[in-house]
Amino acid sequence: MKCRNVLFSLLFTLLIIHFGMCQKDEPEVKSKAEKKPNVKPKHAKAPRKPVTAKPKEKSTPENPKEEQTSLTRVLQKGKFRKVGETLTVGAAETLELRCKGNPVQWTVPEYLQEDHEGRLRMVQHERYGTLIVANSTAADTGEYTCFPVYCEEKDCRKIYDKAVKVYIFFSDPQELFVPSSDYYEVLQLRTNWPAILPCRVTSPLATVTLHREFSPAEVEVDGREISFNVQKGFTIHRPQQHHSGSLYCVASLGNLRQSSTKYMLIYVNYPAAPPSPALQASSESVAVGQNLQVSCTVIGEQDVLVEFTWEYPGHKIGRPLYTQDSVQTVQLDGQNRQRTQSVLLVDEIREVDQGIYTCTAQNLQGSRSASTSVKVQNTQTSNRPKKAHQRRPAEP
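What you are looking at is a predicted structure, and each value in this text was computed from that prediction instead of being measured. (Residues numbered from 1 in each chain as written. Predicted model: local features only at pLDDT ≥ 70, side-chain atom pairs only at ≥ 80, totals over all residues. Heavy atoms only, no water.)

Examining the pairing of strand β5 (residues 104–107)
Where burial is concerned, the two faces of β5 differ: the one with Val 104 and Trp 106 is buried and the one with Gln 105 and Thr 107 is not. In this sheet, strand β8 (residues 142–152) lies alongside β5 in antiparallel orientation, the contact comprising 4 bridges. Its bridge partner being in β8, Trp 106 is matched across the sheet by Cys 146. (Buried < 20%, exposed > 50% of the residue type's maximum accessible area, 1.4 Å probe, protein only. Helix = DSSP H or I, 4+ residues; strand = E, 2+ residues; numbered from the N terminus. Pairing = 2+ DSSP bridges.)

Here's the deal with the sheet that holds strand β7 (residues 128–133)
The antiparallel open sheet is built from 5 strands, whose spatial order is β2-β1-β4-β7-β6. Two strands lie at the open edges of the sheet, namely β2 (79–82) and β6 (120–124), each paired on one side alone. The mean angle between the axes of side-by-side strands here comes to 25°, regardless of whether they run parallel or antiparallel. Note that β6 and β7 share 5 bridges and pair antiparallel. (Axes fitted to C-alpha atoms, helices over the stretch in contact; angles between N-to-C directions.)

Examining the pattern of salt bridges
Applying the stated rule across the entire model yields 5 salt bridges. A salt bridge links Asp 140 to Arg 119; its shortest N-O distance comes to 3.0 Å. Of this pair, Asp 140 sits in the loop between β7 and β8 while Arg 119 is found in the loop between α2 (110–113) and β6, placing the two residues 21 residues apart along the sequence. Judged on exposure class, the residue Asp 140 and its partner Arg 119 are both buried. Between Arg 157 and Asp 155 there is a salt bridge whose closest N-O contact spans 3.6 Å. (Salt bridge = Lys/Arg side-chain N within 4 Å of Asp/Glu carboxyl O.)

Brief notes about the layout of surface pockets
Considered as a void within the structure, the largest pocket measures approximately 640 Å³ in volume. What lines the largest pocket is a set of 25 residues, and nearest its centre among them are Val 178, Pro 179, Ser 180, Ser 181 and Arg 200. Only α2, β8 and β18 (256–259) provide two or more residues apiece to the lining of the largest pocket. Each residue belonging to the lining of the largest pocket can be placed in one class, and the counts come to 10 nonpolar, 8 polar and 7 charged. Size it by volume and the second largest pocket reaches roughly 200 Å³. Lining the second largest pocket are 16 residues, and of these Ala 273, Pro 275, Ile 299, Gly 300 and Glu 301 sit closest to its centre. (1 Å grid on protein atoms, 1.4 Å probe; cavity = no way out; pocket = protein on both sides within 12 Å on 5 of 7 lines; lining within 4 Å. Points joined across faces, edges and corners; volume = space filled by probe spheres on them. Nonpolar A, V, L, I, M, F, W, Y, C, P; charged D, E, K, R; others polar.)

Points about the environment of Ser 171
Locating Ser 171 in the fold gives a position in strand β10 (residues 164–171). Those residues in contact with Ser 171 that sit more than four places away from it in its chain are Thr 88, Val 89, Gly 90, Ala 91, Thr 202 and Ser 203. (Contact = heavy atoms within 4.5 Å.)

As for the state of the cysteines
What the rule picks out here adds up to 4 disulfides. Each disulfide pairs two cysteine sulfurs, and for Cys 199 the partner residue is Cys 249, the sulfurs being separated by 2.1 Å. Taking the sign of the torsion about the S-S bond as the criterion, the disulfide between Cys 199 and Cys 249, at about -60°, is left-handed. Of this pair, Cys 199 sits in the loop between β12 (195–197) and β13 (207–212) while Cys 249 sits in strand β17 (residues 245–253), and the two are 50 residues apart along the sequence. (Disulfide = S-S within 2.5 Å.)

Regarding the sheet that holds strand β20 (residues 278–281)
Pairing is antiparallel in the open sheet, where 4 strands are placed in the order β20-β22-β25-β24. Each having just a single partner strand, β20 and β24 (323–332) make up the two edges of the open sheet. The average angle at which neighbouring strand axes cross in this sheet is 20°, direction not considered. Where β24 meets strand β25 (residues 335–346), 10 bridges bridge the pair, whose relative direction is antiparallel. Residue pairing across strands places Thr 323 opposite Leu 344, the latter belonging to β25.

Some details on the packing of aromatic side chains
Tallied over the entire structure, the rule returns 5 aromatic pairs. Between the NZ or CZ atom of Lys 158 and the centre of the ring of Phe 147, over which it lies, the distance is 4.7 Å. Across the ring face of Tyr 270, the terminal group of Arg 190 is positioned such that the distance to the ring centre comes to 3.9 Å. (Phe/Tyr/Trp six-rings, centres within 6.5 Å; stacked < 30°, edge-to-face > 60°. Lys NZ or Arg CZ within 6 Å of the ring centre and 35° of its normal.)

As for unusual backbone geometry
Looking along the chain, the bond that leaves Asn 102 and enters Pro 103 is cis, with omega of 0°. Within the secondary structure, Pro 103 is located in the loop between β4 (95–100) and β5. A cis amide bond links Phe 214 with the next residue in sequence, Ser 215, at an omega value of -20°. As for its position among the elements, Ser 215 is in the loop between β13 and β14 (217–218). At Ala 92, a position not held by glycine, the phi torsion is positive, near 85°. For Ala 92, the position within the fold is in the loop between β3 (86–90) and β4. If you check the backbone angles, Glu 348 has positive phi at about 45° while not being a glycine.

Structure below.
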């Protein structure tokens, strides 16, 4: 019985030890607070953000979103071709151009602006403007420009830096030069401004030369002193006296040779500044009945035309203007200068001639004025004897 109790106690101890070891091998159950965060797999997409529509930018001159212009030529229905800087069209053909933008405005050569036959039409569509020239002629040759237009309420204006332009030659086998109604055209040569002889041709393939009428000779075109541009004509970059005279252009294309309008070139020595008149009267104080002379003098560049105008008191009562004008060459600081003078003559001066005398000198650069004051003395008043002061008798 004693042995049985010992055996029972031994078995009971072994069971307790075995039960404890089994408890250590089981994984620990974690609480909800101790659970690891739920990590999303790499391929999972992030939730989309709500998409908001961007507000449309308002078209302004600084941000002309709708004024991006382009020019195309309509060849036939549904067929178009983008135009470059130049375009050649046969005379008598119908030209149709499309300019992208709404609205747009056009400028055309001066001859077409004066068209009264309905050959020129301009139509504005929803996305583009159309220009049509029907029954075209050589005189329609020139520059065509399309301008996008910015409108704010009722105020509209062209956007010049977004304009597109094309120079169009309307070639005519019988007309090599763009026609002109003038047989002679007078051009002024200025010393400080290029001069253009506008003998423009209707075909860019024409060969053009410059000629002098008297004595007949071809003028050398070196590209520096004189140059040629098929769209403008001949340019004299620094006009001089020897460039003046009667000149004309000759164009050749195939077996055809034609002469242009004749250009009469007149040389003018253009002044650097307006004249500076100096005014001087023969006397600042003149007695009634005497004569008065007021001189207005300009010293300046040679071969410069100076014109004088006068304002004087007698003009208000109808006294006529008498002047003596002269031009002389004088030496000043070792250089030849031009002395231009106008002298105002006032005979038998009267009291109404008293006042301010103003001379205005003008040349091609502008005008300047100078004034002086003249006083008229009445001789009867000045020669009248003065009354003697009466002395009181001495008091006794």
